[in-house]
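Each chain is listed here by its residues.
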Amino acid sequence: MRPAHLALAVAVAAVWGVNFTVIEIGLDHFPPLLFSALRFLAAAFPAVLLVGRPKVAWKWIVGVGLVLGVAKFGLLFVAMDTGMPAGLSSLVLQIQAVFTAMIAFATLGERPSKLGALGMAIALAGIAVAAVDEGASGPLGAFALCVGAAACWGASNVLTRKAAPPDALNFMVWVSTVPVLPLLALSLLVEGPSRDLAALRGLDWQGAGTVLYVAWITTVFGFGAWGWLLRRHPASTVAPFSLLVPVFGMSSAALFLGEPVSGLRWWAAVLLVGGVALTSLAPRGRVAVGRKVSVGAETPGGRRRLGSSPPRGTGADRNPMGGADPTPVGGADPGLADSVGDRTGPTA
């Protein structure tokens, strides 16, 4: 990878890591569900007018939009609003790689390799250490919501794998249109019209800046740059850079928010990031007998592209963006374009 491309990969990881600190600041200005809705509204418009028509069937866009946009980000923002620290959130969400592998096994029959299974066990040990640390200093309920957000992210990764979008940015922008109305409705129902109106009337430059950052910098720039890198380098080269996200997340939270990083949290970080690295980068296991996963994806009209499952590792198994899977590595944004085969990607 050329130095300029290397710097861009690190910059994207930094943008995604700092995003958690920006979310924490934004939650001082908005109720969590309203903030999440505004984030997707700003990410979708006017970008949706510039990326062209959807390149996958609507059922995948709606499915990922609800699971990732409404469930995952709704749970994450509520978790952080109820006491989950920004730095710890950036770390705990990495467990999505384990959930992705487990859901892929249950639904697609993809068995993890022995090294991948070891990585999952190590990552789960890291979550246990983080839970002990949070239990001693913060609300476990918020911690559980964050783990739930990671589980939803894993489910959306598998849906994205099935959708096999050929253009990560196009897919991400169209997916961003789906959560806006459901999140606004939930905000009105749960947070109340008076609280939402008060937040909008009191909007200042800092609040507006947080919305623009999480929408345009994290989502549009982050996914655009990540997809650009994947078109020029193998996914196995690009994916490991996403492991820097919790490093930037914890560091920025400590620097700008004054969040303490205990010894237990550092141990949790080592175990979780190490386990996720093994889970994500280990060779894939075989698909279970009796299960067949088609490489072809449905078009917006509902017709499936012709094609049969090629042997793994061949040129036919590479995605149009240069990765090693039918889908590019990347989620919401946060995880939106994360694949099953390369389970490390954006976090929020």
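Before going into details, it helps to say that this report is about the structure given with it. (Residues numbered from 1 in each chain as written. Predicted model: local features only at pLDDT ≥ 70, side-chain atom pairs only at ≥ 80, totals over all residues. Heavy atoms only, no water.)

Moving on, we come to the nonpolar core. Proteins that are soluble and globular tend to have nonpolar side chains buried together. The biggest cluster of nonpolar side chains holds 85 residues, and the ones touching the most others in it are F35, L76, M84, L91, V92, L93 and F143. Among residues more than four places away in sequence, those in contact with F143 are M84, L88, V92, I127, A130, A131 and E134. (Core = buried A, V, L, I, M, F, W, Y, C linked by side-chain atoms within 4.5 Å. Buried < 20%, exposed > 50% of the residue type's maximum accessible area, 1.4 Å probe, protein only. Contact = heavy atoms within 4.5 Å.)

Our focus in this paragraph is the packing of helix α2 (residues 32-44) against helix α8 (residues 168-177). Between α2 and α8, the least distance of the axes is 8 Å, while the angle of their chain directions is 135°. By the angle between their axes, α2 is oblique relative to α8. In the crossing of α2 with α8, the sense of the turn from one axis to the other is left-handed. Facing F40, A43 and A44 of α2, the residues of α8 in contact are V173, S176 and T177. Of the residues assigned to the contact of α2 with α8, the class counts are 4 nonpolar, 2 polar and no charged. (Axes fitted to C-alpha atoms, helices over the stretch in contact; angles between N-to-C directions. Helix = DSSP H or I, 4+ residues; strand = E, 2+ residues; numbered from the N terminus. Parallel < 35°, antiparallel > 145°, perpendicular 65-115°, else oblique. Left-handed = near helix turned anticlockwise from the far one by under 90°. Nonpolar A, V, L, I, M, F, W, Y, C, P; charged D, E, K, R; others polar.)

As a further point, take the environment of E110. Tracing the backbone through its elements, the reader meets E110 in strand β1 (residues 110-112). A relative accessible area of 6% means that E110 is categorised as buried. A polar contact of 3.1 Å, which involves the side chain of E110, links it to the side chain of R161. (Polar contact = N/O pair within 3.5 Å; in protein donor to acceptor, adjacent residues only side chain to side chain.)

A word on the side chain of T100. Tracing the chain through its elements places T100 in helix α5 (residues 96-108). Residue T100 is classed as buried on the basis of its relative accessible area, which comes to 0%. Polar contacts involving the side chain of T100 include one to the main-chain carbonyl oxygen of Q96, which spans 2.7 Å.

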